[in-house]
Amino acid sequence: GRAQRTMAPSVAAADMAEQRELRQISKPQLRDLKKRVAQLRKKGFDVWTDDELEREGWTLTPPPPSAAELATPSRAQAADWDCGLACVQMVLLALGVGATECTLTELRKRLTSNSVWTADLVFLLASYGIECEYLTSELGAGADSADRAGSAFYSASLDADAARVNALFARAEEEGVVIRRQKLTSNELWNCLRDDDQLAIVLVDGRMLYARSGRPPAGDFEGHYVLLVGLDDGNDAFRIKDPARSCERTTVVAAKLLESARSVPGTDDDVILIPLSQEPSPPGRALDSGGCTCGTGRGACKQ
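Residues numbered from 1 in each chain as written. Predicted model: local features only at pLDDT ≥ 70, side-chain atom pairs only at ≥ 80, totals over all residues. Heavy atoms only, no water.

For the chain, the name recorded in an unreviewed UniProt entry is Guanylyl cyclase, with Strombidinopsis acuminata as its organism.

What follows is the structure, encoded as structure tokens:
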């Protein structure tokens, strides 16, 4: 057993008897708490880390996965350009589309280019009868195309991409695809996932998503899509499915890091919000039976 405890100054800000919901403590916060406990013990106080964790409202146990996360299987990209398709695949599986109906091979058939833009993903979702909302700061291939052309990531296919993507934007309203010019703040994006009833596909600079603070990544912009499936309140972080990581688990990314990665020039602040309270169309209903290959995406094109 333990010896009689000498009462120590409370490391907690609230009374022990107060009933609170425990939050998972982050590694930096746990290190700080252990240092404070060690300092108190050196002064002769009989304090213990586990007791102080409870008194401050912390827990070492991670929170249970959200309903959105549980509904969404992890899928990896197969090539260096189909991360967006892998995100769409995860969304379709979460909404109940059969696995054989939304393989990466099937999704590729519905596109006419392996230079995938966010507009391509929105129309790809629409081809399955999925309702979503595309928020962006740039309506089209971009008034800043000249700036993008300076990036090797965009320059190789920019002219062809611009014509195709601008055609998609022009057809959006007619085909019931919701596109709005709006830049979501970090808090607004957080609130979109607060009720655990939406998924979000987000375009980021892949170099910055896991970058260490104070170490700007080298090299050119690297567009990369990830799927947001929930929140980690205790660590002020988003829970994401990253198709570049083949492991069958969810990755936790600090909100500040995600904001930095999605706010760089080249992303256009692109976010696709997908409500989970919907059912996809039966297989083939939303597809064009003529198999159009006019450059605007086979599945969504109308002749």
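What follows continues from the structure just given.
### Concerning the pattern of salt bridges
Our working rule: We define a salt bridge as a side-chain nitrogen of Lys or Arg found within 4 Å of a carboxyl oxygen belonging to Asp or Glu. Counting from the N terminus, the helices are the DSSP runs of H or I reaching at least four residues and the strands are the DSSP runs of E reaching at least two. Burial classification: accessible surface area is computed with a 1.4 Å probe over protein chains only, and a residue below 20% of its type maximum counts as buried, one above 50% as exposed, and the rest as partly exposed.
The final tally for this structure, using the stated rule, is 13 salt bridges. Here Arg239 makes a salt bridge to Glu69, at a shortest N to O gap of 2.7 Å. Here the residue Arg239 occupies a position in strand E7 (residues 237-241), and Glu69 occupies one in helix H3 (residues 67-71), the gap between them amounting to 170 residues. What makes Arg239 buried here is its relative accessible area of 15%. Residue class for Glu69 comes out buried when judged on its relative accessible area of 9%.

### Some words on the environment of Tyr134
Its location among the elements puts Tyr134 in strand E3 (residues 133-136). Each C-alpha atom, one on Tyr134 and one on Ile179, is 4.7 Å from the other, the two residues being 45 residues apart in sequence.

### Considering the packing of aromatic side chains
Keep this limit in mind: Working definition: rings of Phe, Tyr and Trp (its six-membered ring) pair if their centres are within 6.5 Å, and the pair is stacked with planes under 30 degrees apart, edge-to-face with planes over 60 apart, and tilted otherwise.
In total, this model carries two aromatic pairs according to the counting rule given. Here Tyr134 and Phe169 contribute two aromatic rings whose centre-to-centre distance is 5.9 Å and whose plane-to-plane angle is 50°, an arrangement assigned as tilted. Taken as a pair, Tyr134 in strand E3 and Phe169 in helix H9 (residues 158-172) lie far apart in primary sequence, 35 residues in all. Phe169 shares its class with Tyr134; the two are buried. With a centroid separation of 5.2 Å and an interplanar angle of 70°, the aromatic rings of Trp190 and Phe238 are classed as edge-to-face.

### A few points about unusual backbone geometry
Glycine aside, negative phi is the norm for most residues, and most peptide bonds take the trans geometry. Phi at Asp268 takes a positive value of approximately 55°, unusual for a residue other than glycine. Position of Asp268 among the secondary structure elements: in the loop between helix H11 (255-262) and strand E9 (271-275). Assessed through its relative accessible area of 10%, Asp268 is described here as buried. The phi dihedral of Asp269 falls on the positive side, at around 55°, and the residue is not glycine. Residue position: Asp269 is located in the loop between H11 and E9. On the accessibility criterion, Asp269 (9% relative accessible area) is buried.

### Some points on the pairing of E7
Which entries qualify depends on this criterion: Pairing between strands is defined by DSSP: at least two bridges between them are needed.
In terms of residue burial, E7 counts as a mostly covered element, since five of its five residues are buried. With burial as the criterion, each face of E7 is covered, one bearing Ala237, Arg239 and Lys241 and the other bearing Phe238 and Ile240. The sheet contact formed by strand E6 (residues 223-232) and E7 spans five bridges and is antiparallel. Within E7, the position partnered with Leu228 by the bridge is Ile240.

### Observations concerning the nonpolar core
We count it as follows: What is meant by a nonpolar core is a set of buried Ala, Val, Leu, Ile, Met, Phe, Trp, Tyr and Cys residues, joined one to another through side-chain atoms within 4.5 Å. Throughout, a residue-residue contact means that at least one pair of heavy atoms, one from each residue, lies within 4.5 Å.
In this structure, Leu92, Leu125, Ile201, Ile272 and Ile274 are the most contacted members of the largest nonpolar core, which totals 46 residues. Where this core is concerned, the elements lending two or more residues are helix H4 (83-94), helix H5 (104-109), helix H6 (118-126), H9, strand E5 (198-205), E6 and E9. Residues contacting Ile272, with those up to four places away along its chain left out, are Thr118, Leu121, Val122, Leu125, Cys132, Glu133, Tyr134, Leu199, Ala200 and Ile201. Counting 24 residues, the second largest nonpolar core, distinct from the first, contains Leu184, Cys192, Leu209 and Leu231.

### Digging into the pairing of E5
Summarising burial for E5: eight of the eight residues are buried, a large majority. Burial along E5 is two-sided: Gln198, Ala200, Val202 and Val204 facing one way and Leu199, Ile201, Leu203 and Asp205 facing the other are all buried. With five bridges joining them, E5 and E9 adopt antiparallel strand pairing. Considered in E9, the bridge of Leu199 is made with Ile274. Pairing analysis gives six bridges linking E5 to E6, with the strands arranged antiparallel.

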